[in-house]
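Each chain, written out:
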Amino acid sequence: MKIFIQNLPKAELHLHIEGTFEAELLFKIAQRNQIKLPYNSVEELAEAYHFNCLQDFLDIYYQGAGVLLYEQDFYDLTYSYLTKCAEQNVRHTEIMFDPQTHADRGVSFETIINGISRATADAEKNFGITSFLIMSYLRHLSEEEAFKTLAQSIPFKHQIKAVGLDSSEKGNPPSKFQNVFKASVLEGYIPLAHAGEEGNADYVWEAIDLLGIKRIDHGNNSLQDEKLVTEIIKRDLALTVCPLSNLALKVVDNLKDHPLKKMMNLGLKVTINSDDPAYFGGQVNKNYEAIQVALNLTKEDLYQLAKNSFEYSLLDDLTKQKNIQELDKYYQLNS
Ligand code: HPA
Ligand code: ZN
């Protein structure tokens, strides 16, 4: 199964670039930028990666992102992630980035997007991996702040495919961002959002009804509401599930209790993703492996999950079909 997963062509649809920041690279860039970290070694930093909830994690994640200052930093971070994608047979990736996390330190939108885009272009050239960027609004900040970010993004909008909504979910419902999502859609961005990770099913309802999202990040708590499940299926919205993230942030106590297979059996379209791989103990293939073992998934399940990752990506139909044909060929030869 491990080899089957390793060579399985796949896409990753739920990934925060700031969450790919491995401790070693983080230390290297901190040193380069002469920023003092509250940790003395890579090991000490890695020791801090124990979380009881989403907020515990976010505090450390924002601290880590705080060493990113220059275009080259964003390039190195992104290229390092894409190198790992190449090693895992990830053919396409949709990368979230949080401009507001960096704006506070005076890092310009241009610096961030140029660094990330240069890395995605190089990865396409060197590894044949395609990438789209998702600009994510931080939901713990105001809608007014999100509007500022939207305005800053306009000169670069040809480089951005979608908008997302991330950070502290509870107390920050999707309804808070209804106006800025409407404005984002008018600019041509596809609307996406985290919903139902820690927030309940009501937040998922708001995200689909008020923000009109085309894909649900996490969505675990959709299962609290049968009508919602029916509606998600009717609207053909996929859930980007992140098993090791759910375990690390105690959304589930044990991977054996993870609802992924239940979701599939209900007819929901789900994909497997790493979310913040540097913090949650594994890249995308490790997520496939861990959930396969925990839920005893078959090769057919894994094939379906990989197929969903292309089908529910934001790629054009022709490119989706090309990727799926390759996947089908692989499955026929290896099942
Ligand atoms: N949830 C919310 N915000 C985030 C996450 C997440 O899993 N990762 C990075 N920002
Ligand atoms: Zn996420």
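Residues numbered from 1 in each chain as written. Chains lettered and ligands numbered in written order. Predicted model: local features only at pLDDT ≥ 70, side-chain atom pairs only at ≥ 80, totals over all residues. Heavy atoms only, no water.

**Examining the site of ligand 1**
Our working rule: Distances are taken per atom, and a residue is near a molecule or strand as soon as one of its heavy atoms is within 4 Å of it. For the purposes of these results, a polar contact is taken to be a pair of N or O atoms within 3.5 Å, where, inside protein, one atom must be able to donate a hydrogen and its partner to accept one; residues adjacent in sequence count only when each atom of the pair is a side-chain atom. Note on areas: Shrake-Rupley, 1.4 Å probe, and residue coverage restricted to the protein chains presented here. Per the convention used, a helix needs a DSSP run of H or I reaching at least four residues, while a strand needs a run of E reaching at least two, with both numbered from the N terminus.
Looking at ligand 1, the residues that line it are H16, L54, F57, L58, Y61, D166, S167, H194, E197, H218, D275 and D276. Residue H218 places a side-chain N or O atom 3.2 Å away from an oxygen atom belonging to ligand 1. Here an oxygen atom of ligand 1 sits 2.7 Å away from a polar atom, N or O, in the side chain of D275. When ligand 1 sits alone it has 260 Å² of accessible area, and the protein chains cover 100% of it. Counting residues per element, the shell around ligand 1 draws most heavily on helix α4 (residues 54–65), which supplies 4 residues.

**Observations regarding the coordination of the zinc ion (ligand 2)**
We count it as follows: Counted as coordinating are nitrogen, oxygen and sulfur atoms within 2.8 Å of the metal, or 3.2 Å for Na, K and Ca, while water is not included, which may make sites look incomplete. By the criteria applied here, four donors are tetrahedral when all angles lie between 85 and 135 degrees, four are square planar and six octahedral when opposite donors are over 155 degrees apart and every other angle lies between 65 and 115, and any other arrangement is irregular. Using a 1.4 Å probe on the protein chains alone, a residue whose accessible area is under 20% of its type maximum counts as buried, one over 50% counts as exposed, and one in between counts as partly exposed.
The coordination sphere of the zinc ion (ligand 2), as far as protein atoms go, consists of H14 (NE2), H16 (NE2), H194 (NE2) and D275 (OD), spread over 2.0 to 2.2 Å. In this structure, the zinc ion (ligand 2) is coordinated by 4 donor atoms arranged in irregular fashion, with angles at the metal of 83 to 175°. Sequence spacing among the residues donating to the zinc ion (ligand 2) works out to H-x1-H-x177-H-x80-D. Taken together, the positions of H16 in strand β1 (residues 10–16) and D275 in the loop between β9 (269–272) and α14 (277–280) put the pair 259 residues apart, joining distant regions of the chain. With respect to burial, H16 and D275 carry one shared label: buried.

**Quick notes on the side chain of D76**
Our working rule: In this analysis, two residues are considered to be in contact whenever any of their non-hydrogen atoms come within 4.5 Å of each other.
Structurally, D76 can be placed in helix α5 (residues 71–87). Given the relative accessible area of 17%, D76 is considered buried. With residues near it in sequence (within four places) discarded, D76 still touches L25, I29 and R32.

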